[in-house]
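# Examining the three-dimensional arrangement
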Amino acid sequence: MRVMHDLLKQNAKIWDLFSRKEEYSPEKLDKHERFLFVEKDLINATEPEASRYLVEHGMEVEFPENKTFAVCLTHDMDDIYPPLSHTLRSSAYCLKDLDFRSSTAQFIWKFRGHEHSPYLNFSKIMDLEEDFGAKSSFYFLASRKDPKRFRYDIEDAEGSLGEISDRGWEAGLHGGYYSYDDPEALKREKKRLEAVLGKRVIGFRNHYLRFKTPDTWELLADAGFSYDSTFGYSEFVGFRNGMCHPFRPYNLNEGREIGILEIPLTVMDVALFKALRSFEEAWRCTKDLIDTTARFNGVITLLWHNFVFGCSFRKDWIKLYEKALRYCSEKGAWMTSGEEIYRWWENES
């Protein structure tokens, strides 16, 4: 990693982009206290300028089984029980299509028990990915505080966590909304998830993608996480610091590398369909990002929330995820979890 940093430092513009120098003293934050990107910041968001520079200056990347690039598949578990707003929207969507049976089914789980929730769909997601020879990461909340509503008790998902682990997928921590700058909260949530999972948790992504450069990386390293995958856009898609490769962050204030691996987030479903309203535009953008990542032998990280696979009104989002899996499979990608990306990168570096 030191070689990567030394090389990037040779170009001041690229180094400032990679280290996100402008985020150290932000002029303005959004309502969730995240760095507020404006239009000028997003002009080159879909071009991995820092990774391009590294590859053009001799960086070579190899993947298992001679794969040419990798796809890190991830899911954030914001809910495992549908909130009323989701239930009503799904029911209305089904009624619009005169699908009365499905419309009724949106409510029945409430009477049959929580174990029948349509958002407890981890087996369905894993089956889909398995069809393409892929694995993924599921990030679970273990916080007791949330700005909107009660989400769930992680103990209620013990059976699902066991299946995820037994099948070889990853369960990581989805840090609570108020935890990204609270070291003790991060440690408590990690410990709580580990108690239910029965093994060490190494992967992290924060709720609402709340993140402060470089402080969050430092706190996560101190809390014992091996990698993070929060670093991306909440309102857009692309390469936040010009990287389509995992990297060790650098603390400009202290002039040193931070002891955690970042697997940068590239495409989040909510941001994608918010920025690009039609399925065709969303797919074209996703395909371009996949092709760009493949060109530089990089890693593209996709985030599809689990609620998408339990919502009748998100069929286009499911369709796009399946299309991305198929396209990446046909291009010979290594599609796997953040945990496996981390272990591979650490062995190769």
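These lines cover the structure that appears in this document, whether it is placed above or below. (Residues numbered from 1 in each chain as written. Predicted model: local features only at pLDDT ≥ 70, side-chain atom pairs only at ≥ 80, totals over all residues. Heavy atoms only, no water.)

Looking now at the overall build of the chain. Within the chain, the regular secondary structure consists of 13 helices and eleven strands. When each of the 349 residues of the chain is scored for burial, the buried share is 57%. At a minimum sequence separation of 6, the contacts of the chain that also span at least 24 residues come to 78%. With the model as given, the accessible surface of the chain reaches about 15600 Å², and the carbon-plus-sulfur share is 47%. (Helix = DSSP H or I, 4+ residues; strand = E, 2+ residues; numbered from the N terminus. Buried < 20%, exposed > 50% of the residue type's maximum accessible area, 1.4 Å probe, protein only. Contact = heavy atoms within 4.5 Å. Areas by Shrake-Rupley, 256 points an atom, 1.4 Å probe, with all protein chains shown as cover.)

A separate point is the pairing of strand 10 (residues 299-303). Most of strand 10 sits inside the fold, with five of its five residues counted as buried. Burial along strand 10 is two-sided: the face carrying V299, T301 and L303 and the face carrying I300 and L302 are both buried. Where strand 1 (residues 70-77) lies against strand 10, five bridges are found, and the strand directions are parallel. Bridge pairing in strand 10 links L73 to L302. Sheet analysis places strand 9 (residues 267-268) next to strand 10, joined by two bridges and oriented parallel. Of the residues in strand 10, the one forming a bridge with V267 is L302. (Pairing = 2+ DSSP bridges.)

Counting 100 residues, the largest nonpolar core has F140, L272 and W304 as its most contacted members. With sequence-adjacent residues up to four places away left out, W304 is seen in contact with T74, H75, D76, V267, D269, L272, F273, F309, W317, I318, L320 and Y321. Core analysis: the next-biggest nonpolar cluster, separate from the first, contains five residues, L209, L265, M268 and A271 among them. (Core = buried A, V, L, I, M, F, W, Y, C linked by side-chain atoms within 4.5 Å.)

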